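Chain and residue survey
So the chains spell out like this:
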Amino acid sequence: DVSDLLFAAEKYEMPGVTAYMRTVIVGPRFLADPLRVYALSCRYGWLSEAKLSSRLTLSLDLTQQKYRPTLDSLQGTHLMALLSLRHQRKTQLRAALDRFPASRTPYKCQRCYSVVDVHPWREFKWLILDEMDRQPSGETIKTQAFADTPTARLVFAVTCNGDSCHRACFDKDSRLDNISKAIDSLPSSI
């Protein structure tokens, strides 16, 4: 209905209606469907509204069929901006995770400097990146449920096999906090 109303306002040169709809479209009722708000904002060149709604689309799995009509309605440049945002977030998170000490080969215990097998970390890292494909907001990665997955539990169970060390290699709270901080530092809008 909003799209039809904006089309009529444009056709019959009613800028007051267009200005009113521009302010209303960023309300909670409309932002419940952020992809459609993004499409309308792009169509009318409303950059601030497009940025806001693009951030909210990060919680959507755009591979679902129900989003196809709205995605099809976007111009190529606007669709690419949205997809680039999602790709950029995943790429930058991968780079941040690669800077974690556990990503270095070989990983050495911080106390006795024995080499530790940290393959569970690599599997957890790929699990995080797969989740970013599904939900680029990263909010699901920050949940306790994600931290309690079998893969995550294996990471936090890694201990040093040194002669007298046997120390846990990864502190769960600090590791999850660092992952959350990395997610929070990612670009959040087009």
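Up top is the structure these notes are about.
So, here's what we can say about the structure. (Residues numbered from 1 in each chain as written. Predicted model: local features only at pLDDT ≥ 70, side-chain atom pairs only at ≥ 80, totals over all residues. Heavy atoms only, no water.)

1. Here's the deal with the overall build of the protein
The criterion, for reference: Helix and strand assignments come from DSSP, with helices taken as H or I runs of at least 4 residues and strands as E runs of at least 2, each series counted from the N terminus. Our radius of gyration is a C-alpha quantity, and the globule rule it is checked against amounts to 2.2 Å times the number of residues to the power 0.38. Under the scheme applied here, a residue whose accessible area is under 20% of the maximum for its type counts as buried, over 50% as exposed, and between as partly exposed, the area being computed with a 1.4 Å probe on protein chains only.
In terms of helices and strands, the protein carries 11 helices and two strands. Listing every helix and strand of the protein by position from the N terminus yields α-α-α-α-α-α-α-β-β-α-α-α-α. On C-alpha atoms alone, the protein measures out to a radius of gyration of 22 Å, which is more than a quarter above the 16 Å that the 2.2 N^0.38 rule sets for 190 residues. Residues counted as buried form 41% of the 190 residues belonging to the protein.

2. Some words on the environment of Arg-104
Secondary-structure assignment places Arg-104 in the loop between α7 (76–98) and β1 (107–108). Overall, the relative accessible area of 51% leaves Arg-104 in the exposed class. Considered as a pair, Arg-104 and Ser-137 are 33 residues apart in the sequence and their alpha carbons are 26 Å apart.

3. A look at the pattern of salt bridges
Two side chains bearing opposite charge may form a pair once their charged atoms approach each other closely. How we decide: Salt bridges are counted wherever a side-chain nitrogen of Lys or Arg sits within 4 Å of a carboxyl oxygen of Asp or Glu.
Inspection of the entire model under this criterion finds nine salt bridges. The closest approach of N and O atoms between Lys-142 and Glu-139, which form a salt bridge, is 3.4 Å. The shortest N-O distance in the salt bridge between Lys-181 and Asp-177 comes to 3.3 Å. With Lys-181 and Asp-177 both in helix α11 (residues 172–184) and four residues apart, the pair spans about one turn of that helix. When its relative accessible area of 52% is taken as the criterion, Lys-181 is described as exposed. What emerges from the salt-bridge pattern is a single network uniting Glu-139, Lys-142 and Asp-184.

4. Here's the deal with the packing of aromatic side chains
This is how the line gets drawn: Any Phe, Tyr or Trp ring, taking Trp's six-membered ring, that has another such ring centre within 6.5 Å forms a pair; planes under 30 degrees apart are called stacked, those over 60 apart edge-to-face, and the others tilted. For a Lys NZ or an Arg CZ to count as sitting over a ring, it must be within 6 Å of the ring centre and within 35 degrees of the ring normal.
Overall, the coordinates contain six aromatic pairs when judged by the stated rule. Here Phe-100 and Trp-121 contribute two aromatic rings whose centre-to-centre distance is 5.4 Å and whose plane-to-plane angle is 10 degrees, an arrangement assigned as stacked. Highlighted residues: Phe-100 in the loop between α7 and β1 and Trp-121 in helix α8 (residues 119–134), separated in sequence by 21 residues. As far as the burial class goes, Phe-100 and Trp-121 line up, both buried. Pairwise contacts between aromatic rings join Phe-100, Trp-121, Phe-124, Phe-146 and Phe-156 into one cluster. In this structure, Arg-175 packs its charged tip against the face of Trp-121, placed 4.9 Å from the ring centre.

So, to be careful, I would describe these as geometric facts and stop short of saying anything about function.
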